[in-house]
Each structure stands twice: as structure tokens, then as C-alpha cells.
2 protein chains.
Amino acid sequence: MPSATDQDRIFAALANATRRELLRLLRDDGPQPVRALAEHFAMSRPSLSEHLKVLREAGLVSERRVGRQRIYRLEAAPLCEVQDWLGPYERFWRAKLASLGELLDRIPHEEAQ
Amino acid sequence: MPSATDQDRIFAALANATRRELLRLLRDDGPQPVRALAEHFAMSRPSLSEHLKVLREAGLVSERRVGRQRIYRLEAAPLCEVQDWLGPYERFWRAKLASLGELLDRIPHEEAQ
DNA sequence: TTGACGCGTAGGGAATCTCCTACTTATTTT
DNA sequence: AAAATAAGTAGGAGATTCCCTACGCGTCAA
């Protein structure tokens, strides 16, 4: 493949449970150095560094150096792009949920008889 | 790896431009047999079949046999799950866009001077 | 029934992913 | 200055991805 698009990089970054958990930690606990993040994983620290690199290259986190630490911070902008991509599909699952709703509405009626 | 979760399968399925384009075609042009889908790609048809398999295993498409054709249809429910996953991040990019908005609001003022 | 069609599966090759254990670099502490 | 700390990089093993060609299976047409 010639070159990955931004979208490719974003979706690929999200396609891994460790990386999604990293994003969640940065969201819920705020910016943190690598060491603090690493405490939540069984994985080796260098492996985690590489996951952070993937997130960085997708624009999902940013890094700022403080002494010998590197504080990682969540950058949610690329997720906005995911949201936008999702938009045109929304009516499809709304349609599904609506017809499920109708179905569920009918059950109590029948039980009431 | 022990076993991929539903989320893993969904995000991984979306992490490929060909598969996202397949979903778009099914969304915009409705349910279609493989042959019709294949016309939009330079790729070999068997390769496309495998992409469809990945989408099927993620629950993003369903298949129904009609004669010797298999009609694929978009199933958007898993995308609803993506939407839900995105929810807790929303306030982060809203915050970013808001402060960008303030910044942009200021420019015309300064130019008006 | 023979051949063409629509589609999936098998098997394989190149590239990429995900993990590891060293090792390097930069900074802080003693 | 030496040791310790924080984190990235190098290199490699094993699994997975993504593409291909060849082939098998079921269905329809001649």
C-alpha cells in the first residue's frame, strides 16, 4: 500500500485493546508520564512506548517533556473525525432500534390479555 | 492473544480503507451481490470475499443467498457500539473546538479596529 | 448434461503487528 | 563523578494481515 491516510491511522490505532485502554486512562485520570500508565498493564514498558508512538502518529495523544519524564495527554480531535465518519450511518441503526422498539412495545400488550 | 472481543473485531474491521468503502457502497447503494461490489475495486474478487468475511464476523454486514448470488446488506448495529464508545470523549473535542471558536471570534474584532 | 457463472476456500508470499530483551540517551540524585 | 531513573530505540520471534492464483461447490442456461 502506498501511504496510509489519516483515517487509516486513526482507526488502526483504535483497533487494539491496550491502546484504547491507554486513551481511557488519559481521559479519566488526566495527563500522565509513561511510568504511571505502565502500572495498569502486564506488558513491558518498551512495548507500551510503542503503543504510545502509534497513538502519537495518529494524533490521539501529545507528549510534553518535564525533566526526564514525558507527560502524555489525550488529544481527542481525531475522534471527532471518527464521529463525522459515523454520521451517515446513524439513520441505519436508528431504524433498527426503532423497529425493535415497536416489537418490544407489543409484548406487554399481549401479556396483558 | 486469548480471544478478540467484539470491540476488537469492530474496530479492526473499520481499520481498512477497502472495508470502509464496502460499507459506504452498501449504505449508499443498498444491498448488493459481491459482483456488483467488486466493480468498484481494482482488487481480485476472492480478496474482496475475504474483506466481506471480516465485515461479517464483526457483524457489520449480513448475507442472504438468492440463487447463485449472495446479497450483502449493511448492518449498522455494531457502529452504534462505536458511537457509545466515543461518547465519553466527546467533551474533550468539544472543549478544544470551543476554545478554537473563541480564538476565531476574536480575529474579526481585531481586524475591525 | 455440459458448460458458464457467482462465490467461497486453500495455500502461499510479503509486509506489518505485537510482543520481548538488550541497549542508548537524557536527566536527576547522591 | 557515579549511580539511578525515565523513556525511547534496535533487533528479532511469532502471529496476523492483505494480497495473489488455483481450485471446489452450487446454481443456472444451452
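Our subject is the structure that appears above.
The rules behind each value
- Residues numbered from 1 in each chain as written.
- Chains lettered and ligands numbered in written order.
- Predicted model: local features only at pLDDT ≥ 70, side-chain atom pairs only at ≥ 80, totals over all residues.
- Heavy atoms only, no water.
- Least-squares fit on C-alpha atoms with pLDDT ≥ 70 in both.
- Contact = heavy atoms within 4.5 Å.
- Pairing = 2+ DSSP bridges.
- Helix = DSSP H or I, 4+ residues; strand = E, 2+ residues; numbered from the N terminus.
- Axes fitted to C-alpha atoms, helices over the stretch in contact; angles between N-to-C directions.
- Core = buried A, V, L, I, M, F, W, Y, C linked by side-chain atoms within 4.5 Å.
- Buried < 20%, exposed > 50% of the residue type's maximum accessible area, 1.4 Å probe, protein only.
- Near = heavy atom within 4 Å.
- Polar contact = N/O pair within 3.5 Å; in protein donor to acceptor, adjacent residues only side chain to side chain.
- Buried area = accessible area lost by both parts, 1.4 Å probe.
- Salt bridge = Lys/Arg side-chain N within 4 Å of Asp/Glu carboxyl O.
- Nonpolar A, V, L, I, M, F, W, Y, C, P; charged D, E, K, R; others polar.

1. Overview of the relation of the copies chain B and chain A
Expressed as a screw operation, the relation of chain B to chain A combines 0.0 Å of axial shift with a rotation of 180°, fitting to an RMSD of 0.0 Å. In symmetry terms, the pair is related by a two-fold rotation axis. Here 100% of the contact residues of chain B are again contact residues in chain A; the copies associate through an equivalent surface.

2. Regarding the sheet that holds strand S3 (residues 69-74) of chain A
Residues and elements named next belong to chain A. Spatially, S1-S3-S2 is the arrangement adopted by the three strands of the open sheet, whose pairing is antiparallel. The open sheet has two edge strands with one neighbour each: strand S1 (32-33) and strand S2 (61-66). Running over the sheet, helix H2 (residues 17-29) touches S1, S2 and S3 and is turned about 90° from S3. The strands that helix H4 (residues 45-57) touches are S2 and S3; relative to S2, the one it contacts most, it runs at about 120°.

3. Section: the nonpolar core
Counting 56 residues, the largest nonpolar core has Leu14 and Leu23 of chain A together with Leu14 and Leu23 of chain B as its most contacted members. The contact partners of Leu23 of chain B, leaving out residues within four places of it in the chain, are Trp85 and Tyr89 of chain A together with Leu14, Leu55, Leu60, Val61 and Leu74 of chain B.

4. Examining the protein's contact with DNA strand C
The environment of DNA strand C is formed by 23 residues, the closest being Ser47 and His51 of chain A together with Arg35, Ser49 and Tyr72 of chain B. Take the atoms of DNA strand C that sit within 4 Å of the protein: sugar and phosphate atoms are 63% of them. At 3.3 Å, a side-chain N or O of Asn16 of chain A approaches a phosphate oxygen of DNA strand C. Between DNA strand C and His51 of chain A there is a distance of 2.5 Å, counted from a phosphate oxygen to a side-chain nitrogen or oxygen. Sorting the residues of the surface near DNA strand C by element identifies H4 of chain A together with helix H3 (34-38), helix H4 (45-57) and strand S3 (69-74) of chain B as the ones contributing at least two each.

5. Quick word on the interface of chain B and chain A
At the junction of the two partners, chain B supplies 30 residues and chain A supplies 30 residues. Taking both sides of the interface into account, the surface hidden between chain B and chain A amounts to around 2700 Å²; carbon and sulfur atoms contribute 66%. Summed over the three residues of chain B that lose the most area to chain A, namely Arg20, Arg27 and Tyr89 of chain B, the buried surface amounts to 24% of that side. Taken together, chain B and chain A are joined by two salt bridges. Between Arg20 of chain A and Asp8 of chain B there is a salt bridge whose closest N-O contact spans 3.0 Å. Looking at the side of chain B that touches chain A, the elements with two or more residues in it are helix H1 (6-14), helix H2 (17-29), helix H5 (77-86) and helix H6 (90-112) of chain B. The dominant element in the side of chain B that touches chain A, judged by the number of residues it contributes, is H5 of chain B, at seven residues. Of the residues that constitute the side of chain B that touches chain A, the class distribution is 19 nonpolar, four polar and seven charged.

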